[in-house]
Amino acid sequence: MRAIVQRVSSAFVTVEDQQVGAIDKGLLVLLGVTGTDSDVDAEWLVDKIIHLRIFEDEEEKLNRSLLDIGGGLLVVSQFTLYGNCRKGRRPSFVDAANPELAKRLYEKFIALAQEKNVPLQTGVFQAHMMVHLVNDGPVTLIIDTPEGA
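Fair warning: this is a prediction, and the values are worked out from it, not measured in the lab.

*Asks:* So what exactly am I meant to see when it comes to the overall build of the protein chain here?
*Replies:* Per the secondary structure count, the protein chain includes 3 helices and 8 strands. Along the protein chain, helices and strands appear, N-terminal first, in the series β-β-β-α-β-β-α-β-α-β-β. Over its C-alpha trace the protein chain gives a radius of gyration of 15 Å, about what one expects of a compact globule, namely 15 Å for 149 residues. With the principal axes as the frame, the protein chain shows a C-alpha extent of 45 × 40 × 30 Å. Expressed as a percentage of the 149 residues in the protein chain, the buried residues total 41%. Accessible surface for the protein chain amounts to roughly 8600 Å². Of this, 46% is attributable to carbon and sulfur atoms. Taken as two groups, the 15 positive and 21 negative side-chain charges of the protein chain have centres that lie 6 Å from each other.

*Asks:* Whenever I open this one, unusual backbone geometry confuses me. Can you help?
*Replies:* For residues that are not glycine, phi is negative in most cases, and the peptide bond is trans in most cases. The step from Gly137 to Pro138 runs through a cis peptide bond, and the omega angle for that step is -5 degrees. Along the chain, Pro138 falls in strand β8 (residues 129-144). Although it is not a glycine, Glu60 adopts a positive phi angle of roughly 60 degrees. Among the structural elements, Glu60 can be located in the loop between β4 (55-56) and β5 (62-64). Using a relative accessible area of 63% as the deciding quantity, one classes Glu60 as exposed. Located in the positive-phi region is Gln126, a residue other than glycine, with phi close to 65 degrees.

*Asks:* For this particular structure, what's the right way to read the environment of Ile110?
*Replies:* If you trace the backbone, Ile110 turns up in helix α3 (residues 99-115). Separated by 10 residues in the primary sequence, Ile110 and Leu120 have C-alpha atoms spaced 7.9 Å apart. Setting aside anything within four residues of it in sequence, one finds Ile110 in contact with Val75, Leu120 and Thr122.

*Asks:* Is there a simple way to explain the nonpolar core in this structure?
*Replies:* Where a protein is soluble and globular, its nonpolar side chains tend to be buried together. If you look at the biggest cluster of nonpolar residues, it comprises 31 residues, and the most contacted ones within it are Leu31, Ile49 and Leu73. For this core, the element with the most residues is α3, which contributes 8 residues. Core analysis: the second largest hydrophobic core is formed by 12 residues, Val8, Leu28, Leu30 and Leu74 among them.

*Asks:* Is there a simple way to explain the environment of Leu105 in this structure?
*Replies:* By secondary structure assignment, the location of Leu105 is in helix α3. With 72 residues separating them along the chain, Leu105 and Val33 place their C-alpha atoms 7.4 Å apart. Residues within four places of Leu105 in sequence aside, it is in contact with Met1, Val33, Asp37, Ser38, Asp39 and Ala42.

Calculation notes
Residues numbered from 1 in each chain as written. Predicted model: local features only at pLDDT ≥ 70, side-chain atom pairs only at ≥ 80, totals over all residues. Heavy atoms only, no water. Helix = DSSP H or I, 4+ residues; strand = E, 2+ residues; numbered from the N terminus. Rg over C-alpha atoms; globule rule 2.2 N^0.38 Å. Buried < 20%, exposed > 50% of the residue type's maximum accessible area, 1.4 Å probe, protein only. Areas by Shrake-Rupley, 256 points an atom, 1.4 Å probe, with all protein chains shown as cover. Lys, Arg positive; Asp, Glu negative; His and termini not counted. Charge placed at Lys NZ, Arg CZ, Asp CG, Glu CD. Contact = heavy atoms within 4.5 Å. Core = buried A, V, L, I, M, F, W, Y, C linked by side-chain atoms within 4.5 Å.

Written out as structure tokens, the structure is:
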């Protein structure tokens with residue numbers, strides 16, 4: 001799995017001009033799934049993201065996690081994270097998981113985050129979405145699950 005994690009002061013997502021998810025301070029996660037991913041990858045990635053120490057403490061050092069600050073998590077599926085642009089001018093998406101696997105692992109990721117009592121909002125799987133965010137810092141990280149996480 002691959003996640004683009006952005007620390008935000010606010011973020012929301014709309015589908016057909018209707019807001020479907022919104023958070024204040026927290027993390028926006030753009031989530032991609034590849035064909036070799038499993039439940040273990042989802043578990044590893046949720047744990048990694050919610051414990052990342054990327055929020056400032058009293059000394060303005062990045063020492064606090066999403067759990068520490070009680071921030072929100074906005075999760076948006078994005079198969080294009082596995083777009084390969086090495087050859088030609090049109091990305092190849094052969095590394096992206098098929099929709100059935102991708103949806104199952106996206107929903108697994110969401111369920112695992114909910115089990116951790118993280119305030120959670122989501123986009124809509126396979127919908128054309130508009131994602132609005134105020135990136136705080138900016139802080140943006142790319143996280144790939146290890147082989148056989």
